[in-house]
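Chain by chain, the residues run as shown.
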Amino acid sequence: ETRQSSRSDLREDNEEGMAEVKKRFDALMKIDVEAKQGKQKLQSSFLALRRLVLFRGIGAPTKNTDNKTKFRGQLWKLMTGVLFTENENPVDEYLKEIKKGKATVKTSDGRSSYEAIRDDSFRTMKGATLFDVAVEEPKIIRVLNSYVQRSNKAYNQGMNTILCPFLVCMNELDAFHCFYHLLEKMTPTYWMSYKRKGIGTSKGFYLGARAACRLADKILREVDPELHESLMDSETIRNNSEKITGHTPGKSQAEVFHQLYTFRHMQVFSLVARPLGEVIKLWDLFFALGMHVRKLPAFRKEIV
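Computed from a predicted structure; not experimentally measured. (Residues numbered from 1 in each chain as written. Predicted model: local features only at pLDDT ≥ 70, side-chain atom pairs only at ≥ 80, totals over all residues. Heavy atoms only, no water.)

## Observations concerning the overall build of the protein chain
Scanning the protein chain from terminus to terminus reveals 16 helices and zero strands. Residue burial in the protein chain is summarised as follows: out of 304 residues, 46% are buried. Within the protein chain, counting contacts between residues at least 6 apart in sequence, those at least 24 apart form 65% of the total. Carbon and sulfur atoms provide 50% of the accessible area of the protein chain, an area that totals close to 16800 Å². (Helix = DSSP H or I, 4+ residues; strand = E, 2+ residues; numbered from the N terminus. Buried < 20%, exposed > 50% of the residue type's maximum accessible area, 1.4 Å probe, protein only. Contact = heavy atoms within 4.5 Å. Areas by Shrake-Rupley, 256 points an atom, 1.4 Å probe, with all protein chains shown as cover.)

Given below as structure tokens:
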């Protein structure tokens with residue numbers, strides 16, 4: 001009975017939070033930016049909206065909350081900047097990229113981007129029930145292929161996973177523009193890569209993601225030195241040190257820590273976690289505060 005009561009209270013709190021956020025969102029959309037002090041009103045209203053998303057939230061999406069999912073899509077379009085920056089003809093722009101056909105830009109291992117996309121698309125987020133219901137594989141292929149065509153940049157493994165939340169929360173057209181804006185405007189260095197022997201993968205070096213790993217390492221060392229020391233001295237680190245770093249002295253602990261604990265989260269913005277609905281809720285926080293925000297290990301007591 002206590003558990004059912006807690007769930008009921010949580011649902012009510014989520015519904016109230018969504019109502020508050022939606023009310024602020026609707027008010028923001030009615031602001032006339034051309035009017036006197038219109039831009040200042042828009043900025044202050046946007047800041048208030050971000051604070052509401054941070055402190056109240058709109059709850060995790062489920063299969064039965066279509067209205068919540070649709071609203072989250074509109075909210076993400078606003079917070080990623082797409083809502084006010086997309087071109088006059090977003091449909092024509094997307095169709096133009098689709099009509100270009102299969103993307104031929106080569107990946108770091110020599111495949112065409114289209115071939116690499118097809119190798120990943122069928123297995124994208126398998127096991128994430130919410131995603132399986134909401135998204136079809138052809139949409140994944142079209143959006144990723146169109147991104148490559150528009151950006152003239154190669155597809156990288158992990159992009160398929162990052163696309164998932166957008167396709168869950170909005171239609172294919174909006175997902176394309178938000179996905180493009182996230183990679184090209186909000187995290188432009190994230191996928192920069194070059195081959196580096198001994199560290200990383202044979203397919204290249206994800207410069208932005210690796211930098212995020214080092215930042216997480218520094219933050220954890222400062223805010224929780226006990227947990228950081230426990231992770232660095234763990235048996236897992238020692239057992240995998242030589243295999244991952246190629247016997248690189250002095251760098252083994254940090255590199256193994258990145259490879260085992262942080263890189264897989266940084267590469268895909270925490271989408272390796274489950275359930276997917278809760279990670280999508282976490283993305284609300286990312287967009288409200290900035291994509292530099294990451295989640296440090298939650299189970300501190302168990303790890304130590």
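After that view of the structure, there is still more to cover.
## Notes on the packing of helix H5 (residues 90–98) against helix H10 (residues 172–186)
The N-to-C vectors of H5 and H10 enclose an angle of 80 degrees; their axes lie 10 Å apart at closest approach. When the axis of H5 is compared with that of H10, the two are roughly perpendicular. Contacts between H5 and H10 pair Pro90, Val91, Glu93, Tyr94 and Glu97 from the former with Glu172, Leu173, Phe176 and His177 from the latter. Taken together, the residues of the contact of H5 with H10 sort by class into five nonpolar, one polar and three charged. (Axes fitted to C-alpha atoms, helices over the stretch in contact; angles between N-to-C directions. Parallel < 35°, antiparallel > 145°, perpendicular 65-115°, else oblique. Nonpolar A, V, L, I, M, F, W, Y, C, P; charged D, E, K, R; others polar.)

## So, the nonpolar core
If you look at the biggest cluster of nonpolar residues, it comprises 67 residues, and the most contacted ones within it are Trp76, Ile162, Phe166, Phe179, Leu182 and Trp283. With residues up to four places along the chain from it excluded, the contact list for Phe179 reads Val143, Leu144, Tyr147, Met159, Ile162, Leu163 and Phe166. If you look at the next biggest cluster of nonpolar residues, it comprises five residues, including Leu220, Leu227, Leu231 and Phe257. (Core = buried A, V, L, I, M, F, W, Y, C linked by side-chain atoms within 4.5 Å.)

## Looking at unusual backbone geometry
In this structure, Gln37 takes a positive phi of about 60 degrees despite not being glycine. The topology assignment puts Gln37 in the loop between helix H1 (2–29) and helix H2 (38–55). Look at Phe269: it is not a glycine, yet its phi comes out positive at around 55 degrees. Residue position: Phe269 is located in the loop between helix H14 (252–267) and helix H15 (276–289).

## Considerations on the packing of aromatic side chains
Overall, the coordinates contain twelve aromatic pairs when judged by the stated rule. Taking the centre distance of 5.4 Å and the plane angle of 90 degrees together, the rings of Phe25 and Phe71 count as edge-to-face. Taken together, the positions of Phe25 in helix H1 and Phe71 in helix H3 (residues 66–79) put the pair 46 residues apart, joining distant regions of the chain. Here Phe25 and Phe71 have matching classes, each one buried. Centre to centre, the rings of Tyr147 and Phe179 are 5.4 Å apart; their planes meet at 75 degrees, and the pair counts as edge-to-face. One end of the pair, Tyr147, is in helix H8 (residues 137–151); the other, Phe179, is in helix H10, with 32 residues separating them in the sequence. With respect to burial, Tyr147 and Phe179 carry one shared label: buried. Of the aromatic side chains, those joined through ring pairs into one cluster are Trp76, Phe166, Phe269, Trp283 and Phe287. The ring of Tyr180 is capped by Arg150, whose NZ or CZ atom sits 3.8 Å from the centre of that ring. (Phe/Tyr/Trp six-rings, centres within 6.5 Å; stacked < 30°, edge-to-face > 60°. Lys NZ or Arg CZ within 6 Å of the ring centre and 35° of its normal.)

## Considerations on the packing of H8 against helix H9 (residues 159–169)
What describes two packed helices is the angle between their axes and the distance between those same axes. Interhelical geometry of H8 versus H9 gives an angle of 115 degrees and a closest axis separation of 10 Å. When you trace H8 past H9, the crossing you get is right-handed. Residue-level inspection shows Lys139, Ile140, Val143, Leu144 and Tyr147 of H8 in contact with H9, the latter providing Met159, Asn160, Leu163 and Leu167. For the contact of H8 with H9, the class distribution of residues is seven nonpolar, one polar and one charged. (Left-handed = near helix turned anticlockwise from the far one by under 90°.)

## Examining the environment of Asp120
Structurally, Asp120 is set in helix H6 (residues 113–121). A relative accessible area of 5% means that Asp120 is categorised as buried. Sequence separation between Asp120 and Gly158 is 38 residues; the distance between their C-alpha atoms is 8.8 Å. Sequence-distant contacts of Asp120, defined by excluding residues within four places in its chain, comprise Tyr155, Gln157 and Asn160. Among the polar contacts listed, one links the side chain of Asp120 to the side chain of Tyr155, at a separation of 2.7 Å. (Polar contact = N/O pair within 3.5 Å; in protein donor to acceptor, adjacent residues only side chain to side chain.)

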